[in-house]
Amino acid sequence: MSSDRRILYVVYCGVAVAVLKEFNAVVTEPYMDEPFHVPQALAYCRGEWSTWDPKITTPPGLYMLSVLLHRVFMFKCNLNLLRLTNTLTLFALPLVLTRLLGFHQRRRSPPKLTPSIEALVLSSFPIAWFFGFLYYTEVPSLVSVLCTVVAATQNKHWLAGLLGIVSCLFRQNNVIWVLYAYAASQLMRLRFKRGNDKLHDPPALGAGAGDFIRSIMSAPKALPELLPAFAPYAVVLALFGGFVIWNDGIVLGDKSNHVPSFHVPQLYYFIAFATIIGWPAVLCGEGGPLKIATDVISRMFGSKRRILLTAIISIFMGITIQHFTIHHPFLLSDNRHFTFYIWRRVFMLHAAVPYLFIPGYQACAWAWWIRVARDQSLLQTLVLPVLILPTLLPTPLLEPRYFLVPYILLRAQVVDVQPYGIFLEGLWYMVINAATTYVFLYKERVGVGRFMW
């Protein structure tokens, strides 16, 4: 069985190399954000460490990784081999995901270089797969975050802290996921520790509002158990705080186009995106689609109290859509992104359209809650949504790339996807990847450009 998985891994890597070769053959010049990233990497390859393009808003981790490959493996610094930097991190993704999935599923990790089939499928997640062939920060950022989480779950906290610093060199908001790594590891440890009666953390599916309040009230009693492992993460937070003070803010470079906002509907877009892209994981658990549909209906309309709660949430969501929807200039003007057409042809079709999705948003949120909470405690289930808030709320632009890390961490918590569901998930990803890659490579429009996520 392990030899079969190794063969599948080799096939995965081989397909990735073939796709990269085609990207390089067809897209011979830097595209979209690459004209900013590539010259900066070339400057670093020449040893010009003081050179910095003020239009770049993310740290130099991507360029430093390329320079490392250049110095150690004698890679040339040209567009093709800079893109290879990302593809190599795409090779590492199944190996790291295997260990993260093993943590949540509470099973032993397989031998090295033997990723699970589920990890291979999840590694072909369309956003990660597509940007694995362009010189963007997405995939190295994702892999560094997952390495941080995996190290923390293995109780290698100083290593997790070091990897957390590395992850912040790719994207500043990865500091949030450093906290997630710490919280996920400690909540799992306390959950299965014998004699742990200090922290109230009941199974999530049966918990209510009262349990949440009790959990918060009991947290101070658990601090002596939690604080010793926090030291490495405190170092990361201190260094990040120093960076913010030195930089006079989180954003590097051009701050004018990256002003933090209070974009509440971004949360709704994320849960809709997660369900559309990850429907096999939602529907294909124990009991199948019928069970999850029944459970969602019960949560929303199972009693008068639940109907009232659903109505109150709907009103709240309507108010937030009314007051916090952002029509970002980039979203309205850049017709090379799929979101441009979704926004104009769906959300702007009629003023009532954004409100019509409210029941769907709630149903999707409940479906994911039920799937994730099935095998977790209350706090384990809550920690990711809570940390998604500071990640997505400040982002004014509807951009699927922002959903990459939150989705992968969310999907990894679904532990009972049936074999046919994993097959459907892989097939669905394959269809999306084939379509988006074909459109990007072979459907370029004169005067417009190539279409992409």
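Let us look at the structure shown here. None of these values were measured; they are calculated from a predicted model. (Residues numbered from 1 in each chain as written. Predicted model: local features only at pLDDT ≥ 70, side-chain atom pairs only at ≥ 80, totals over all residues. Heavy atoms only, no water.)

### Details of a nonpolar patch on the surface
Point 1. Side chains of Trp158, Ile165, Val235 and Leu239 sit close together on the surface and give an oily, nonpolar patch of about 400 Å² of accessible area.
Point 2. For the nonpolar patch, the elements supplying multiple residues, two or more each, are α8 (157–168) and α11 (231–247).
Point 3. Structurally, leucine 239 can be placed in helix α11. (Patch = residues over 30% accessible without salt bridge, like charges linked within 9 Å, V, L, I, M, F, W, Y side chains within 5 Å. Areas by Shrake-Rupley, 256 points an atom, 1.4 Å probe, with all protein chains shown as cover. Salt bridge = Lys/Arg side-chain N within 4 Å of Asp/Glu carboxyl O. Helix = DSSP H or I, 4+ residues; strand = E, 2+ residues; numbered from the N terminus.)

### Here's the deal with the pattern of salt bridges
Point 1. The final tally for this structure, using the stated rule, is 17 salt bridges.
Point 2. The shortest N-O distance in the salt bridge between arginine 374 and glutamate 286 comes to 2.9 Å. One end of the pair, arginine 374, is in the loop between α19 (358–373) and α20 (378–392); the other, glutamate 286, is in the loop between α13 (279–283) and α14 (288–301), with 88 residues separating them in the sequence.
Point 3. Several salt bridges share partner residues, and in doing so they unite Asp33, Glu138, Arg171, Glu399 and Arg401 into one network.

### Focus: the state of the cysteines
Point 1. Taken as a whole and judged by the stated rule, the model has 1 disulfide.
Point 2. The disulfide bridge from cysteine 45 ends at cysteine 77, spanning 1.8 Å between sulfur atoms. Classification of the bridge connecting cysteine 45 and cysteine 77 rests on its S-S torsion, roughly -60 degrees, and on that basis the disulfide is left-handed. Of this pair, cysteine 45 sits in helix α2 (residues 34–45) while cysteine 77 sits in the loop between α3 (61–73) and α4 (79–105), and the two are 32 residues apart along the sequence. (Disulfide = S-S within 2.5 Å.)

### A few points about helix α1 (residues 2–26)
Point 1. Under the 1.5 Å per step criterion, the end-to-end length of α1 is 36 Å for 25 residues, consistent within 8% with the ideal 36 Å.
Point 2. Among all positions of α1, only Arg5, Tyr9, Tyr12, Cys13, Ala16, Val19, Leu20, Phe23 and Asn24 are buried.
Point 3. Where α1 is buried, its residues meet α4, α5 (117–123), α6 (126–131) and α22 (419–442). (Expected span 1.5 Å × (residues − 1). Buried < 20%, exposed > 50% of the residue type's maximum accessible area, 1.4 Å probe, protein only. Contact = heavy atoms within 4.5 Å.)

### Some points on unusual backbone geometry
Point 1. Phi angles above zero are rare outside glycine, and arginine 106 is one such case at about 55 degrees.
Point 2. Relative to the assigned elements, arginine 106 resides in the loop between α4 and α5.
Point 3. For aspartate 248, which is not glycine, the phi torsion reads 60 degrees and is therefore positive.
Point 4. Mapped onto the secondary structure, aspartate 248 falls in the loop between α11 and α12 (265–277).
Point 5. Note on aspartate 248: relative accessible area 67%, which makes it exposed.

### Description of the side chain of asparagine 433
Point 1. Mapping asparagine 433 onto the fold places it in helix α22.
Point 2. The exposure class of asparagine 433 is buried, given its relative accessible area of 7%.
Point 3. Residues within four places of asparagine 433 in sequence aside, it is in contact with Ser124, Pro126 and Trp129.

In short, the description is geometric, and any link to function would need to be established separately.
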